[in-house]
Amino acid sequence: FKGVCFSVFFFFNDTATTEIYTLSLHDALPILPDLIRFTKSKDASTRLHVTRSISRFSTDLVRDTLIRMLSDDNKAVKQAALTGLGNIKVKVGSRSIVPLLKDPDLTVQGKAIEALIKIQDPDVVNYLIDILQDDSEYIRRAAVEVLNEVNDPRAIKDLLIAMRDRPEERRVGKKGSTGG
């Protein structure tokens, strides 16, 4: 049985009630807009569960909703949206994911790396050029990790330019060491 099991949370007087539904993917498509409505809930747990549930559907509506969820204030919701974008079978551009390489949460950065690698957007190189110049070593490393997995000759050129512009990072050892 290929289907989807999802929880829908209903709120009555600040008390959450959960109903569990199991539907085939085909049967669940008509209620997808109703599920997506719950991604705007004030409750982070509801947004998280619904984001995970809708990620099983490869539709433009789901893709657009997951992209919107990337700006959620809850890091678990962002991570679920990134995982969903990496797994759905609808074309996803990298433009909306690349900024999350600068997210303060390293787990969100890691999920952004995974999603960018999975979607294999040929335009990702264009968006990562600026990231390679970021002041944060972690953010630059995230960009390098994605570029390492992208099969695009432009990636090598951009990496070489970034290294030329930051010669202090090619040195062995710490700044100010004599290496001896």
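Residues numbered from 1 in each chain as written. Predicted model: local features only at pLDDT ≥ 70, side-chain atom pairs only at ≥ 80, totals over all residues. Heavy atoms only, no water.

### Section: the overall build of the chain
Phase 1 of the analysis: The number of helices and strands found in the chain is nine helices and two strands.
Phase 2 of the analysis: Taken from the N to the C terminus, the helices and strands of the chain come in the order β-β-α-α-α-α-α-α-α-α-α.
Phase 3 of the analysis: When burial is assessed residue by residue, the chain has 41% of its 180 residues classed as buried.
Phase 4 of the analysis: In the chain, the proportion of contacts linking residues at least 24 apart, taken out of those at least 6 apart, comes to 56%.
Phase 5 of the analysis: Counting only carbon and sulfur atoms, one obtains 53% of the accessible surface of the chain, whose full area is about 10,800 Å². (Helix = DSSP H or I, 4+ residues; strand = E, 2+ residues; numbered from the N terminus. Buried < 20%, exposed > 50% of the residue type's maximum accessible area, 1.4 Å probe, protein only. Contact = heavy atoms within 4.5 Å. Areas by Shrake-Rupley, 256 points an atom, 1.4 Å probe, with all protein chains shown as cover.)

### Quick look at the nonpolar core
Phase 1 of the analysis: Core analysis: the biggest nonpolar cluster contains 41 residues, and Ile54, Leu82, Ile97, Leu101, Leu116, Val124 and Leu128 have the highest contact counts within it.
Phase 2 of the analysis: If you list the elements that add at least two residues to this core, you get α2 (32–37), α3 (44–54), α4 (60–69), α5 (75–87), α6 (106–119), α7 (124–131) and α8 (137–149).
Phase 3 of the analysis: In terms of residue count, α6 provides more of this core than any other element does, six residues in total.
Phase 4 of the analysis: Once residues lying within four places of it in the same chain are set aside, the contact partners of Leu101 are Gln109, Ala112, Ile113, Leu116, Leu128, Ile131, Ile139, Ala142 and Ala143. (Core = buried A, V, L, I, M, F, W, Y, C linked by side-chain atoms within 4.5 Å.)

### Structural notes on the layout of surface pockets
Phase 1 of the analysis: Looking at the second largest pocket, its volume works out to about 160 Å³.
Phase 2 of the analysis: Looking at the second largest pocket, the residues that line it are Leu48, Arg52, Ser55, Arg56, Ala76, Gln79, Ala80, Thr83, Gly84 and Asn87.
Phase 3 of the analysis: Mapped onto the lining of the second largest pocket, the elements with two or more residues apiece are α3 and α5.
Phase 4 of the analysis: The leading source of residues in the lining of the second largest pocket is α5, at six residues.
Phase 5 of the analysis: Of the residues assigned to the lining of the second largest pocket, the class counts are three nonpolar, five polar and two charged. (1 Å grid on protein atoms, 1.4 Å probe; cavity = no way out; pocket = protein on both sides within 12 Å on 5 of 7 lines; lining within 4 Å. Points joined across faces, edges and corners; volume = space filled by probe spheres on them. Nonpolar A, V, L, I, M, F, W, Y, C, P; charged D, E, K, R; others polar.)

### Observations concerning the pattern of salt bridges
Phase 1 of the analysis: Inspection of the entire model under this criterion finds nine salt bridges.
Phase 2 of the analysis: The closest approach of N and O atoms between Lys75 and Asp105, which form a salt bridge, is 3.2 Å. You can see Lys75 sitting in helix α5 and its partner Asp105 sitting in the loop between α5 and α6, a full 30 residues away along the chain.
Phase 3 of the analysis: Residue Lys75 is classed as partly exposed on the basis of its relative accessible area, which comes to 48%.
Phase 4 of the analysis: The buried category is assigned to Asp105, whose relative accessible area is 16%.
Phase 5 of the analysis: Between Arg141 and Glu137 there is a salt bridge, with its nearest N and O atoms 2.3 Å apart. Residue Arg141 and its partner Glu137 are located together in helix α8, separated by four residues, close to a single helical turn.
Phase 6 of the analysis: Residue Arg141 is classed as exposed on the basis of its relative accessible area of 52%.
Phase 7 of the analysis: The exposure class assigned to Glu137 is partly exposed, which follows from its relative accessible area of 40%.
Phase 8 of the analysis: When salt bridges with common partners are traced through the structure, they connect Arg47, Asp72 and Asp73 into a single cluster. (Salt bridge = Lys/Arg side-chain N within 4 Å of Asp/Glu carboxyl O.)

### Remarks on the packing of α3 against α4
Phase 1 of the analysis: Two numbers describe how α3 lies on α4: the axes approach to 10 Å, and their chain directions differ by 145°. Regarding α3 and α4, the two cross each other, and that crossing is left-handed. Residue-level contacts link Arg47, Thr51 and Ile54 of α3 to Val62, Thr65, Leu66 and Met69 of α4.
Phase 2 of the analysis: Here the contact of α3 with α4 is composed, by residue class, of four nonpolar, two polar and one charged. (Axes fitted to C-alpha atoms, helices over the stretch in contact; angles between N-to-C directions. Left-handed = near helix turned anticlockwise from the far one by under 90°.)

### Observations concerning the packing of α3 against α5
Phase 1 of the analysis: As a packed pair, α3 and α5 sit with axes 9 Å apart at the nearest point and diverge in direction by 5°. Comparing the axis directions of α3 and α5 gives the class roughly parallel. Two secondary-structure elements touch here, α3 through Ala44, Arg47, Leu48, Thr51 and Arg52 and α5 through Ala76, Val77, Ala80 and Ala81.
Phase 2 of the analysis: Class assignment for the residues of the contact of α3 with α5 results in six nonpolar, one polar and two charged. (Parallel < 35°, antiparallel > 145°, perpendicular 65-115°, else oblique.)

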